[in-house]
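# Coordinates in review
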Amino acid sequence: MIATIAATSAAVLLAAPAVGALGHRAIKRSRNASLMKIDTPNGIDEQGFVSIGGIDQWISVRGEDLANPVVLELHGGPGASTAIFGPRTRSWEKHFTIVRWDMRGALKTLGRSGPEGQGELTFDRIYADAIEVTDHVRVRLGAEKIVLLGQSYGSAFGLRLAREFPERYSAYVGTDQNIHDAGRDDSVHQALLTRLRTTGKRKELAAVEALDPDERQWTARQRAMHAKLVATSDPLTLDTMKKVVMGSLWFSPLHSLRELGRFVKGMAISEQITEATTGFDDWAEGTKFELPLFIFQGDKDVLTPPELARRFFDDVQAPVKGFALIEDCSHFAAFRRPERFLELLLTRVRPVVAAEPAGTAGI
């Protein structure tokens, strides 16, 4: 849903003066590569392709101590890999084993077999992939249960996995949490209309006003257009997209210049996945969870507003639950303020999850 913003940011980066921009990038990537080295005796640093759902999908497993709790991160977008944030979230790996997975249609998985080799790009297919990835990680690391972390659109998968499979997960953590209510809440849409009117964006305003009043009737392209305008009309979100998201991709030691374009392409071809979620209703699907549940939301998030997440959270029944705002953040709050997010993981989540022993098999 943010592909157009990412494409614009990528074009700016690539259009920068070649010698200066590329030289600065090389220095920063080298520093980040050094930062990301894991050389502790009981650490792990594995990246590779695993056969999931009939295709090769990229999975990264990193942490300084295999005795730490395992966290499986489900990225958003759809199609927007969070592996680009490795240097920003390096401190997380001191306390947790972080597993990152490029879903079908995303970055390295997309690069492995191309758009034609991604198979079925649907919510149900990726949901089934997520179950398979979960069990792969549990076997690989010898962990009976793992922490499930859903970020942005990935939280739509995460919430449903947490409801259905409490025996696989020791806790659920949602950030930039998507809450679906079958279109009843239109606060994001109304706030966008207000911002466009206030800033005099007449062309954009006309495009938004032309949309069907029932957002469940929007096409995937219309939803992507709407999300783009929500983000670009908000200065904090736009700043985060440029500096945190595209800046992380630009300086990632794990990603090439070619993958700048692939990151954008992945989000574009993954737009179709959102068709399945238009009628979702998280209240109707159930507010009772048999595992600890946490939501950590940016206090100024205009894409997944904290007020809606809080309303759902207040209705949740769970053995343990916790809600916190990440201050001065819009979307991508965990990556804009990674140390604050880590503090929440350590003070709220880690005390209620048990570290699981790890195995020694290859990825």
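Residues numbered from 1 in each chain as written. Predicted model: local features only at pLDDT ≥ 70, side-chain atom pairs only at ≥ 80, totals over all residues. Heavy atoms only, no water.

Let us now look at the overall build of the protein. Along the backbone of the protein there are 14 helices and eight strands. For 363 residues, the compact-globule formula gives about 21 Å, and the C-alpha radius of gyration of the protein, at 20 Å, lands near that figure. Each of the three principal axes of the protein carries a C-alpha extent, and together these read 60 × 55 × 40 Å. Across the protein, the fraction of contacts at a sequence separation of at least 24, relative to all contacts at a separation of at least 6, is 78%. For the protein, the computed accessible surface area is about 14400 Å², with 53% contributed by carbon and sulfur atoms. (Helix = DSSP H or I, 4+ residues; strand = E, 2+ residues; numbered from the N terminus. Rg over C-alpha atoms; globule rule 2.2 N^0.38 Å. Contact = heavy atoms within 4.5 Å. Areas by Shrake-Rupley, 256 points an atom, 1.4 Å probe, with all protein chains shown as cover.)

Phe157 and Leu161 are the most contacted members of the largest nonpolar core, which totals 46 residues. Take this core: its biggest share by element is eight residues, from helix H4 (residues 123–141). Those residues in contact with Phe157 that lie beyond four places of it in its chain are Leu74, Met103, Phe123, Ile126, Tyr127 and Ile273. Residues Ala80, Ile98, Val245 and Leu345 belong to the second largest nonpolar core, which totals 38 residues. (Core = buried A, V, L, I, M, F, W, Y, C linked by side-chain atoms within 4.5 Å. Buried < 20%, exposed > 50% of the residue type's maximum accessible area, 1.4 Å probe, protein only.)

Look at helix H9 (residues 235–251) against helix H10 (residues 258–270): their axes get within 9 Å of each other, and the N-to-C directions meet at 145 degrees. For H9 against H10, the interelement crossing comes out right-handed. Contacts from Val245, Met246, Leu249 and Trp250 in H9 reach Glu259, Leu260 and Phe263 in H10. Residue composition of the contact of H9 with H10, by class: six nonpolar, no polar and one charged. (Axes fitted to C-alpha atoms, helices over the stretch in contact; angles between N-to-C directions. Left-handed = near helix turned anticlockwise from the far one by under 90°. Nonpolar A, V, L, I, M, F, W, Y, C, P; charged D, E, K, R; others polar.)

Turning next to the confidence of the model for the protein. Residues at a pLDDT of 70 or more form 92% of the protein, whose mean pLDDT is 92. A low-confidence stretch, residues 355–363 (pLDDT under 50), is modelled with 31 contacts involving residues beyond four sequence positions or located in other chains. (pLDDT = per-residue confidence, 0-100.)

Once that is clear, we can look at the environment of Leu345. One can find Leu345 in helix H14 (residues 338–349). Given a relative accessible area of 5%, Leu345 falls into the buried group. Each C-alpha atom, one on Leu345 and one on Val50, is 28 Å from the other, the two residues being 295 residues apart in sequence. The residues contacting Leu345, other than those within four sequence positions of it, are Phe96, Val173, Phe296, Arg350 and Pro351.

Running from amino to carboxyl end, helix H6 (residues 187–199) crosses helix H8 (residues 220–232) at an angle of 55 degrees, the nearest separation of the two axes being 10 Å. Taken together, the axis directions place H6 and H8 in an arrangement best described as oblique. Regarding H6 and H8, the two cross each other, and that crossing is left-handed. The segment H6 lies against H8, with Val188, His189, Leu192 and Arg195 engaging His226, Leu229 and Val230. Its residues assigned to classes, the contact of H6 with H8 comprises four nonpolar, two polar and one charged. (Parallel < 35°, antiparallel > 145°, perpendicular 65-115°, else oblique.)

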